[in-house]
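A look at the structure
Given next are the chains, with one letter for each unit.
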Amino acid sequence: MDTLTPNDMSAIVEADRAHVWHHLLPHKPLETNDPRIIVEGKGMRVWDQRGKEHLDAVSGGVWTVNVGYGRTEIADAVRDQLVKMNYFAQSAGSIPGARFAERLTEKMPGLTRLYYANSGSEANEKAFKMVRQISHRHHGGRKSKILYRDRDYHGTTIACLSAGGQQERNAQYGPYTPGFVEVPHCLEYRKADQGWGDVEDYGRRAADAIEEVILREGPDTVGALCLEPITAGGGVIVPPEGYWARVQEICETYDILLHIDEVVCGVGRTGTWFGYQHYGVKPDFVTMAKGVASGYAAISCCATSERVFEMFKDAPDDPMHYFRDISTFGGCTAGPAAALANMDIIEREDLLANCTAMGDYMLDGLHALADRHRVIGQARGKGLFLGAELVADRDTREPAAEKKVQAVVADCMEQGVIIGATNRSVPGHNNTLCFSPALIAKKDDIDAILSAVDGALGRVFT
Ligand code: PMP
């Protein structure tokens, strides 16, 4: 543990309470409760200011620390790079920037270029801006609409929220940016909310519903379709059979660029380098952030195909026609240096294979819990990206009361296991428990997580 004295630590807690504006935390509870300060981390575990150990089942809260805590190898790589050369704007290149772009694009056939930025939102904004510029340059500004899906989330800026399918997040921040159009979600478990009864071939039909929107809007006005490969914050939505093949076909038919938001799934989370690789899709843009450097440095990337890159080149009459955009800290070398070391670890420790094996093991475990606890309406996921949707009634699928869902999270926290429940598979309801342990998880860790959830469900839903 850290060498701070109890007095030092109380001063830190007070400084935090007085001056830090926490993300995603209501103000009121911190008037009476101490904020939690995470002091140290190692492997799958973190320790708070009281020295309490927690097993982290959510990789830093939001699917980020894929290779686990305390990786001195990444810290050393970042340090060595920073003392040699910390920053220069991306009008010039850097050694780790070039190396990482080469190694990453080798893992994504068909994609060849990497634009460096700092956050998932920013990477998505870059893709949106590229789509808009392509529309101006090649389609007279007409093919500018960007489609996004109900339940998907693409980030926190106003444009990203305009492309956000969780309306409950958006209520307070309008007005929004025009030109973003919603298409329906593809969560089969919630198909009744879409007015679907018993249908065969739901995946194909859910994708057909995207085509209906394109036809309604006019295909020559739609520039891109932006989707999460597996929806994260919207309820861990694994696409149904046949969905992605049809999505690809639709994009090709109407000449619509396909932007896949891999901010959560990218770099190993689902057992492949990227989530879309489970489905044989060929995207034009892939954006990524969280797992790229496992939270050891801030880095995000927007990867594009050569076809997209070329669309910015063929303007002999206009030498200023290129993607004239910048992200200041996209030139900081800490990000790609950390990302290279992160990738070394994933390869050397065969973490994609471990993620697949442990993900299957955990999903089986969640199904076994569902046999015992009727409150679990459905367990789903891929790799170590899993969710358990809680329902008050299995037949009607009415979402479990949010207070109770939060009580399960709090109970697990008491037991020293951090799980999440910010997943909204039904508008306005955080009723899906969320699990995303680091890719290094072992059976013992998974057993400990499942056992905590088992106990919590038993106590909360008696
Ligand atoms: N896309 C998805 C799918 C996300 O889950 C998030 C963040 N949770 C973002 C984009 C935005 O990333 P950031 O918070 O780094 O801007």
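The structure presented is a predicted model; accordingly, all values stated were derived computationally and were not measured.

With 131 residues, the main nonpolar core has C301, A338 and I419 as its most contacted residues. Both domain 1 (36-67 + 350-460) and domain 2 (72-348) contribute no fewer than three residues apiece to this core. For I419, the residues in contact, after removing those within four places along its chain, are A57, V58, V409, C412, L433, C434, F435 and V453.

Moving on, we come to the sheet that holds strand β3 (residues 53-56). The mixed open sheet is built from four strands, whose spatial order is β1-β2-β3-β14. Each edge of the open sheet carries a strand with a single partner, namely β1 (38-42) and β14 (417-418). Bridge count for β3 against β14 is two bridges, and the pairing is parallel. By the bridge assignment for β14, L55 is matched with V417.

Moving on, we come to the domain arrangement of the protein. We note that the domain assignment places domain 1 (36-67 + 350-460) and domain 2 (72-348) within the protein. Placing the centre of domain 1 and that of domain 2 at their C-alpha centroids yields a distance of 26 Å. Each partner contributes residues to the interface: domain 1 has 33 residues there, and domain 2 has 31 residues. For the side of domain 1 that touches domain 2, the elements supplying multiple residues, two or more each, are α3 (59-63), α13 (351-372), β11 (376-382), β12 (385-393), β15 (420-423) and β16 (432-435). Element by element, the count of residues in the side of domain 1 that touches domain 2 is highest for α13, at five residues. In terms of residue class, the side of domain 1 that touches domain 2 is built from 14 nonpolar, 15 polar and four charged.

Our focus in this paragraph is unusual backbone geometry. The phi angle of most residues is negative, glycine excepted, and most peptide bonds adopt the trans form. With omega at 5°, the peptide bond leading from G174 into P175 counts as cis. Secondary-structure assignment places P175 in the loop between α8 (167-170) and β6 (180-183). Positive phi is not limited to glycine here, since L24 has a value of about 60°. Inspection of the secondary structure assignment puts L24 in the loop between α1 (6-19) and α2 (29-32).

In this section: helix α5 (residues 95-106). One turn of the α-helix equals 3.6 residues, which is why residues spaced by three or four share an orientation. For α5, which comprises 12 residues, the first-to-last C-alpha distance of 17 Å matches the rise-based estimate of 16 Å (1.5 Å per residue) to within 8%. Listed as buried for α5 are P96, G97, F100, A101 and L104. The arc that holds the buried residues of α5, viewed along the axis, is 130°, so those residues lie on one side. With respect to the buried face of α5, the exposed residues turned more than 90 degrees away are A98, E102 and E106. Looking at the buried side of α5, the elements it contacts are α4 (72-84), β4 (111-117) and α12 (334-348).

Across four bridges, the pairing between β1 and strand β2 (residues 45-48) is antiparallel. Bridge pairing in β2 places I38 opposite D48. In textbook terms, the turn of a hairpin is the stretch between consecutive antiparallel strands, and for β1 and β2 this stretch comprises two residues, one of which, G43, has a positive phi near 65°.

This part is about the packing of helix α9 (residues 202-217) against helix α10 (residues 243-253). In the contact formed by α9 and α10, the axes pass within 7 Å of each other and the chain directions differ by 25°. Considering the angle they form, α9 stands roughly parallel to α10. Crossing hand, α9 versus α10: right-handed. On α10, the residues touching G203, R204, A206, A207, D208, I210, E211 and I214 of α9 are Y243, R246, V247 and I250. In terms of residue class, the contact of α9 with α10 is built from seven nonpolar, one polar and four charged.

Attention now moves to the environment of G155. In this fold, G155 is placed in the loop between β5 (145-149) and α7 (158-162). A tally of 22 C-beta atoms within 10 Å means that G155 is categorised as buried. Taking the C-alpha atoms as reference, G155 lies 27 Å from V391; in sequence the two are 236 residues apart.

Along the chain, D393 turns up in strand β12. Along the backbone, D393 and R374 are 19 residues apart, and their C-alpha atoms lie at a distance of 8.0 Å.

Calculation criteria
Residues numbered from 1 in each chain as written. Predicted model: local features only at pLDDT ≥ 70, side-chain atom pairs only at ≥ 80, totals over all residues. Core = buried A, V, L, I, M, F, W, Y, C linked by C-beta atoms within 7 Å. Buried ≥ 20, exposed ≤ 12 C-beta atoms within 10 Å, placed from the backbone. Domains from an automatic or database assignment. Contact = placed C-beta atoms within 7 Å. Pairing = 2+ DSSP bridges. Helix = DSSP H or I, 4+ residues; strand = E, 2+ residues; numbered from the N terminus. Nonpolar A, V, L, I, M, F, W, Y, C, P; charged D, E, K, R; others polar. Expected span 1.5 Å × (residues − 1). Arc of directions from axis to C-beta. Axes fitted to C-alpha atoms, helices over the stretch in contact; angles between N-to-C directions. Parallel < 35°, antiparallel > 145°, perpendicular 65-115°, else oblique. Left-handed = near helix turned anticlockwise from the far one by under 90°.

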